[in-house]
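So you can see what is in the structure, the chains are spelled out below.
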Amino acid sequence: MADDRTKLSKAADTISLADEEKVREIVSSTILGLWGLVNNLTRLRPSRRERYRVAIFGSARAVPGSFVYEEVKRVAGVFAAMGCDIVTGGGPGLMQAANEGAAGSGHPDRSMGIRIELPFEQEVNPFVEQVFEHQTFFTRLHHFVLASDAFVVVPGGIGTVLEMLVVWQLLQVRHMTDVPLILVGKMWTGLVAWAKTSMLDPRLPLCKAEDLEIPRCVDTADEAITLVRGLHAEWSKR
């Protein structure tokens, strides 16, 4: 009798695919439930790591031997030598430059890549020691947030701008705190200047003045090295 009741209960719970309204209801409630799980997971924050982690965002299009490629490689090498892990998107261009710099410092284990599959990019670059694969930009960016103690943004295109703005917004709304966002190069100085002019217009202020002080803009690689060296020293004392 108990088995019969179980079978009847399961039959009553079954939804025919022909019942479009019920199908939409099931799909909608399931998706909302999954988002609830994702939102709950985003509450997790890492404890102190063994090494300071610097995420480097930048163009996938820069080629080895170019000035910006060699400078990013040099910067990442200095960071790795001072005891930092280097985290990139794991692809070509300036991501590869950063991973190559870390690997060339004598500490290849300090070179990480957080990848996403794209139809027009190469596979993971050969200097990544530890690679993580993602299917969506959402989960990939959240992984960056969990994995990084500082963000250094070098010249890049739309993808780099997107990554930088997401980090900026998370800092603005205090979903991240005490995580520096360092923008290297004159293109970022111009972007922040545009934001200050456009978003702080007294006729329609679109943000607070302190929101636009979140990014630290520097012109050169050496200025970025000086900043991260100081941040790493402070972190080491905690």
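Here the structure is a predicted model, which is why all the values come from computation and not from measurement.

**A word on helix α8 (residues 221-237)**
An ideal rise of 1.5 Å per residue puts 24 Å on 17 residues; α8 measures up with 25 Å between its terminal C-alpha atoms. Of the surrounding elements, those touching the buried residues of α8 are β1 (52-57), α3 (67-81), β2 (84-88), β5 (150-153), β6 (181-184) and β7 (215-218).

**Concerning unusual backbone geometry**
Although it is not a glycine, R174 sits at a positive phi angle of roughly 65 degrees. With respect to the helices, strands and loops of the structure, R174 is situated in the loop between α6 (158-172) and β6. For D178, which is not glycine, the phi dihedral falls at a positive 60 degrees. Inspection of the secondary structure assignment puts D178 in the loop between α6 and β6.

**A word on the sheet that holds β5**
Reading across the sheet, the 7 strands line up as β4-β3-β2-β1-β5-β6-β7 and stay open at both edges, with parallel pairing between neighbours. The strands lining the two open edges of the sheet, one partner per strand, are β4 (130-134) and β7. Taking the axes of each pair of neighbouring strands and ignoring which way they run, one obtains an average angle of 20 degrees across the sheet. In the packing of α6 onto the sheet, contacts are made with β1, β5, β6 and β7, and the angle to β6 comes to roughly 150 degrees.

**Observations regarding the nonpolar core**
In terms of nonpolar packing, the biggest core is built from 29 residues, with V54, I56, F79, I86 and V152 touching the most fellow members. Contributing elements (two or more residues each) for this core: β1, α3, β2, α4 (94-104), β5, β6 and α8. Setting aside its immediate chain neighbours within four residues, V54 contacts F79, C84, D85, I86, V87, A150, V152 and V228.

**A closer look at the pairing of β2**
For β2, the tally of buried residues reaches 5 of 5 residues, placing the bulk of the element in the interior. Burial along β2 is two-sided: the residues C84, I86 and T88 and D85 and V87 are all buried. Pairing of β1 with β2, which is carried by 4 bridges, proceeds in the parallel orientation. Bridge pairing in β2 links R53 to D85. You can see the chain leave β1, run along α3 and come back into β2, and the turn it takes is right-handed. Taken together, the 3 bridges between β2 and strand β3 (residues 111-116) define a ladder with parallel strand orientation. What sits directly across from T88, in β3, is G113.

**A word on the packing of α3 against α4**
Any two packed helices are characterised by how steeply their axes cross, that is the angle between the axes, and by the distance between the axes. Where α3 contacts α4, the two axes come as close as 7 Å, and the packing angle between them is 40 degrees. The orientation of α3 with respect to α4, classified from their angle, is oblique. At the point where α3 passes α4, the crossing takes the right-handed sense. Counting all contacts with α3, which are made through V68, Y69, V72, K73, A76, G77 and A80, the residues of α4 involved are L94, Q96, A97, A98, E100, G101 and A102. Considering only residue class, the contact of α3 with α4 consists of 9 nonpolar, 3 polar and 2 charged.

Criteria and thresholds
- Residues numbered from 1 in each chain as written.
- Predicted model: local features only at pLDDT ≥ 70, side-chain atom pairs only at ≥ 80, totals over all residues.
- Heavy atoms only, no water.
- Helix = DSSP H or I, 4+ residues; strand = E, 2+ residues; numbered from the N terminus.
- Expected span 1.5 Å × (residues − 1).
- Contact = heavy atoms within 4.5 Å.
- Pairing = 2+ DSSP bridges.
- Axes fitted to C-alpha atoms, helices over the stretch in contact; angles between N-to-C directions.
- Core = buried A, V, L, I, M, F, W, Y, C linked by side-chain atoms within 4.5 Å.
- Buried < 20%, exposed > 50% of the residue type's maximum accessible area, 1.4 Å probe, protein only.
- Right-handed = clockwise from strand over helix to strand, strands pointing away.
- Parallel < 35°, antiparallel > 145°, perpendicular 65-115°, else oblique.
- Left-handed = near helix turned anticlockwise from the far one by under 90°.
- Nonpolar A, V, L, I, M, F, W, Y, C, P; charged D, E, K, R; others polar.

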